Amino acid sequence: AQSVTQLGSHVSVSEGALVLLRCNYSSSVPPYLFWYVQYPNQGLQLLLKYTTGATLVKGINGFEAEFKKSETSFHLTKPSAHMSDAAEYFCAVTVQGAQKLVFGQGTRLTINP
Amino acid sequence: EPEVTQTPSHQVTQMGQEVILRCVPISNHLYFYWYRQILGQKVEFLVSFYNNEISEKSEIFDDQFSVERPDGSNFTLKIRSTKLEDSAMYFCASSGTRAYNEQFFGPGTRLTVL
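Residues numbered from 1 in each chain as written. Chains lettered and ligands numbered in written order. Predicted model: local features only at pLDDT ≥ 70, side-chain atom pairs only at ≥ 80, totals over all residues. Heavy atoms only, no water.

Colleague: Could you give an account of the overall build of chain A, with specific residues and numbers?
Modeller: Within chain A, the regular secondary structure consists of zero helices and eleven strands. The N-to-C order of helical and strand elements in chain A reads β-β-β-β-β-β-β-β-β-β-β. Computed over C-alpha atoms, the radius of gyration of chain A comes to 13 Å, within 12% of the 13 Å expected from 2.2 N^0.38 for 113 residues, which places it in the range of a compact globule. Going through the 113 residues of chain A one by one, you find that 49% of them count as buried. Only carbon and sulfur atoms are counted for the fraction: they give 51% of the accessible area of chain A, which is about 5,200 Å². In chain A, 8 side chains carry a positive charge and 6 a negative one; their mean positions are 8 Å apart. (Helix = DSSP H or I, 4+ residues; strand = E, 2+ residues; numbered from the N terminus. Rg over C-alpha atoms; globule rule 2.2 N^0.38 Å. Buried < 20%, exposed > 50% of the residue type's maximum accessible area, 1.4 Å probe, protein only. Areas by Shrake-Rupley, 256 points an atom, 1.4 Å probe, with all protein chains shown as cover. Lys, Arg positive; Asp, Glu negative; His and termini not counted. Charge placed at Lys NZ, Arg CZ, Asp CG, Glu CD.)

Colleague: Break down the overall build of chain B for me, with residues and values.
Modeller: A tally of helices and strands in chain B yields zero helices and eleven strands. Listing every helix and strand of chain B by position from the N terminus yields β-β-β-β-β-β-β-β-β-β-β. Expected size for 114 residues packed as a compact globule is a radius of gyration near 13 Å; at 13 Å, chain B falls within 12% of this value. C-alpha atoms of chain B, sized along the principal axes, occupy 40 × 30 × 30 Å. For chain B, with 114 residues in total, the buried portion stands at 47%. Look at the contacts in chain B between residues 6 or more apart in sequence, and 54% of them connect residues 24 or more apart. Accessible surface, chain B as shown: approximately 5,700 Å² in total, 47% of it carbon and sulfur. Taking the average place of the 10 positive charges on the side chains of chain B and the average place of its 14 negative ones, the gap between the two points comes to 3 Å. (Contact = heavy atoms within 4.5 Å.)

Colleague: An account of the pattern of salt bridges is needed here, citing residue identities and associated values.
Modeller: All names here are of chain A. As enumerated under the stated definition, the model contains five salt bridges over all chains in all. Among the salt bridges present, the one from E64 reaches K58, with a minimum N-O distance of 2.8 Å. Judged by relative accessible area, K58 falls into the exposed class, the value being 63%. Ionic pairing is found between D85 and K78, a salt bridge with its closest N-O pair at 2.9 Å. Considered together, D85 and K78 belong to a single accessibility category, that of buried residues. (Salt bridge = Lys/Arg side-chain N within 4 Å of Asp/Glu carboxyl O.)

Colleague: So what's going on with unusual backbone geometry? Residues and values would help.
Modeller: Residue P8(B) is bonded to the preceding T7(B) through a cis peptide linkage, with omega at -10°. Although it is not a glycine, N61(A) adopts a positive phi angle of roughly 60°. Within the element layout of this structure, N61(A) appears in the loop between β6 (56-58) and β7 (64-68). Take N61(A): its relative accessible area is 41%, and that puts it in the partly exposed class. The phi dihedral of T72(A) falls on the positive side, at around 45°, and the residue is not glycine.

Colleague: Any details on the sheet that holds strand β1 (residues 5-7) of chain B? Residues and values, ideally.
Modeller: Residues and elements named next belong to chain B. Spatial ordering of the open sheet is given by β1-β3-β8-β7, a layout of four strands whose pairing is antiparallel. The sheet is open, and its two borders are formed by β1 and β7 (65-68), each paired with just one other strand. Within this sheet the neighbouring strands show an average axis-to-axis angle of 20°, counted without direction. By the bridge criterion, three bridges tie β1 to strand β3 (residues 19-24) in an arrangement that is antiparallel. In the strand pairing of β3, Q6 is matched with C23. (Pairing = 2+ DSSP bridges. Axes fitted to C-alpha atoms, helices over the stretch in contact; angles between N-to-C directions.)

Colleague: Explain the state of the cysteines to me, using residue names and the numbers behind them.
Modeller: Residues and elements named next belong to chain A. Per the stated rule, a full pass over the model turns up two disulfides over all chains. The disulfide partner of C23 is C91, and the S-S distance across this bridge is 1.9 Å. One quick way to see it: the torsion about the S-S bond of C23 and C91 is about -60°, and its sign makes the bridge left-handed. Taken together, the positions of C23 in strand β3 (residues 19-26) and C91 in strand β9 (residues 87-95) put the pair 68 residues apart, joining distant regions of the chain. The buried category is assigned to C23, whose relative accessible area is 0%. (Disulfide = S-S within 2.5 Å.)

Right, here's the structure in full:
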């Protein structure tokens, strides 16, 4: 079975600072990894995904994530935070042939002016 | 851009009552899902649906739950006799392909059971 752990339920950064949201996964077979963002009163929007190939993946809104198999990690980064990045971020894992996504508990990102 | 829609956005019901949560998946998608998120907890998988039948369900999805695709556009989740612990945000998702399992989510329905 797969699982995801997101370190830090709440992360606060200043506008213009680096954003780093941590995600570690557990899977006995090669994983597919996703980051979703949820803005207030909206659904889950896909930020980026890793399936196969290049381990550094770029997503929307300037976010990127790197798949590190040796560390079982898929941390999300953005070089310079913007006020509009304030939201809840969810890391999720699945594997080939699986029906479901397994989510982490989410990280609420707050941007300070 | 196509999107998944859900109605209502917020449903309040009394314990023991039946509720139906509605979803309109993206029109050319074939795989449909329900997830829920109890306040402060993880988003949890409930059920997946393909070719007019359940393809997988979690242990949460017991006999009080059912899903249906009554026509070519809607996908519903019915809870027959609601309990206090059913209070949660319920998300519908759809996918056009099994490859990589990329799912598109709706905005959710907040269910409050009193």
